[in-house]
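In case you want the letters, here they are:
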Amino acid sequence: MSKDKRHIAILGSTGSIGTQALEVIKSQPEKLELEVLTAGSNIELLAQQAKKFKPNAVVISDESKYEALSEMLKDEDVKVYAGEDALNQIVGIEAVDIVLTAIVGYAGLKSTMSAILAGKTIALANKEALVVAGELITSVAREKGVDIYPVDSEHSAIFQCLTGEIYNPIEKIYLTASGGPFRGMKTADLKNITKEQALDHPNWSMGAKITIDSATMMNKGLEAIEAKWLFGLKSDQIDIIVHPQSIVHSIVQFEDGSMKAQMGLPDMKLPIQYAFSYPLRLKSDFKRLDFKYFSQLTFESPDPKTFRNLALAYEAMDKGGNIPCVLNAANEIAVESFLNDKIGFLAISEVIEKCLEKAEFIAKPSLNDYIDVDFATRAMAKELIAKES
Ligand code: NDP
Ligand code: MG
């Protein structure tokens, strides 16, 4: 890395990725500098972070919390803003080089687009933005000459394996999946799963939405679509392999048959830091992998018959157009409803499948089309859920 520091905006700083990104920035004071923090509604944590990390500006999306946040930060030298427009503008300020998109779900789409339009390098955690509008996002990023560096551990692994391989096409990639807490179970076993069981992920500590997505395997489906756009692949070049130890983070296979894998303990701080420091690796004290404790690394095939979300995501990826946007919106409503005890675990896939069946195909959606499709699908999913309960 050059002597210059990289100046960072964290969108979604109060979440799992956001708080880990702050730890990374704190550990690299010579190389990384924080400029902006944003959150949805958690002003207590946002104010605490602002006092500790002294950013230039903070944005709270929930406008009703503006006064209270301003009051909490009145003695600090920090600009306080609220609302969606402020979020979309803050990503463009001159002081920022890299925008970490760590808002969860579709809610992160517009700010991701705004950051790309402002020409900022993207450290992308918000996979849903690429799932919904991958074609649009990647084409605008190409036009603007904007780099998108993956934060998702599997995609960071692929990205790391591709270093030095610019002349060598990818034959195939293998995205590894832990299998989540219900690996090996069959449909009948999943019937009475509680949200507490689904929230108890064996290897990773993450926000609630992605933890449920991991339990249903939708996370891996979303990641396949994310990989399609990040690495320009067709769906038959993207394989999923279940690897319960989460040590091999993913694998690239080249045209001569050679495979490269990236390995390490499951810790999101490494991919976050790599997205901030690319192409360099910064010295860190992240815990090292000791093979003594991992004498067996195992791999098995996924079970898309039981974990239907995986099959639905591949179906949506193959159809393309607005269909992955339908998949994502239906999934977000279904997961929220599961977390609010309105539907059971298996009903998550049923809601998504029904929304996909009813969706009208749009081959080349605009940003406004995506906004409309997302809105309409959410309404449809809510209606389906209301009818069933
Ligand atoms: P969390 O739920 O922990 O955090 C989400 C963040 O987004 C919070 O800061 C939250 O603010 C903010 N937010 C939520 N809704 C809105 C909204 N409508 N407008 C503005 N801000 C909002 O999520 P994670 O950190 O787990 O995940 C973030 C993204 O990273 C997701 O897309 C996920 O798929 C991806 N990812 C996460 C991984 C992980 O290990 N956690 C691994 C790989 C990818 P508030 O706290 O105020 O609600
Ligand atoms: Mg991942």
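Everything numeric here is computed off the predicted structure, so don't read it as measured data.

1. Observations regarding the environment of Glu 23
- For Glu 23, the location among the structural elements is in helix α1 (residues 16-27).
- Separated by 246 residues in sequence, Glu 23 and Lys 269 place their C-alpha atoms 8.0 Å apart.

2. Re the coordination of the magnesium ion (ligand 2)
- Taken together, the protein ligands of the magnesium ion (ligand 2) are Asp 152 (OD), Glu 154 (OE) and Glu 223 (OE), with distances of 2.1 to 2.2 Å.
- Binding-site remark: the magnesium ion (ligand 2) is held by donors from one chain whose sequence spacing is D-x1-E-x68-E. Placement of the pair is Asp 152 in the loop between β7 (148-150) and α7 (153-161) and Glu 223 in helix α11 (residues 218-231), with a sequence separation of 71 residues. The exposure classification of Asp 152 matches that of Glu 223, with both residues buried.

3. Some points on the sheet that holds strand β1 (residues 6-11)
- Strand order in this open sheet of seven strands is β4-β3-β2-β1-β5-β6-β7, and the pairing throughout is parallel. Two strands bound the open sheet, and with one partner strand each, they are β4 (79-82) and β7. Ignoring strand direction, the axes of neighbouring strands in this sheet form an average angle of 20°.
- Contacts from helix α5 (residues 109-117) reach β1, β5 (98-101), β6 (121-124) and β7, with the element oriented near 150° to β6.

4. Focus on the packing of α11 against helix α14 (residues 323-339)
- At a closest axis distance of 12 Å, the pairing of α11 and α14 adopts a crossing angle of 155°. Taken as axis vectors, α11 and α14 run roughly antiparallel relative to one another. Relative to α14, the crossing made by α11 is left-handed. Contacts from Met 218, Leu 222 and Ile 225 of α11 reach α14 at Pro 324, Leu 327, Asn 328 and Asn 331.
- When the residues that make up the contact of α11 with α14 are grouped by side-chain class, the tally is five nonpolar, two polar and no charged.

The rules behind the values
- Residues numbered from 1 in each chain as written.
- Chains lettered and ligands numbered in written order.
- Predicted model: local features only at pLDDT ≥ 70, side-chain atom pairs only at ≥ 80, totals over all residues.
- Heavy atoms only, no water.
- Helix = DSSP H or I, 4+ residues; strand = E, 2+ residues; numbered from the N terminus.
- Donors = N, O, S within 2.8 Å, 3.2 Å for Na, K, Ca; no water.
- Buried < 20%, exposed > 50% of the residue type's maximum accessible area, 1.4 Å probe, protein only.
- Pairing = 2+ DSSP bridges.
- Axes fitted to C-alpha atoms, helices over the stretch in contact; angles between N-to-C directions.
- Contact = heavy atoms within 4.5 Å.
- Parallel < 35°, antiparallel > 145°, perpendicular 65-115°, else oblique.
- Left-handed = near helix turned anticlockwise from the far one by under 90°.
- Nonpolar A, V, L, I, M, F, W, Y, C, P; charged D, E, K, R; others polar.

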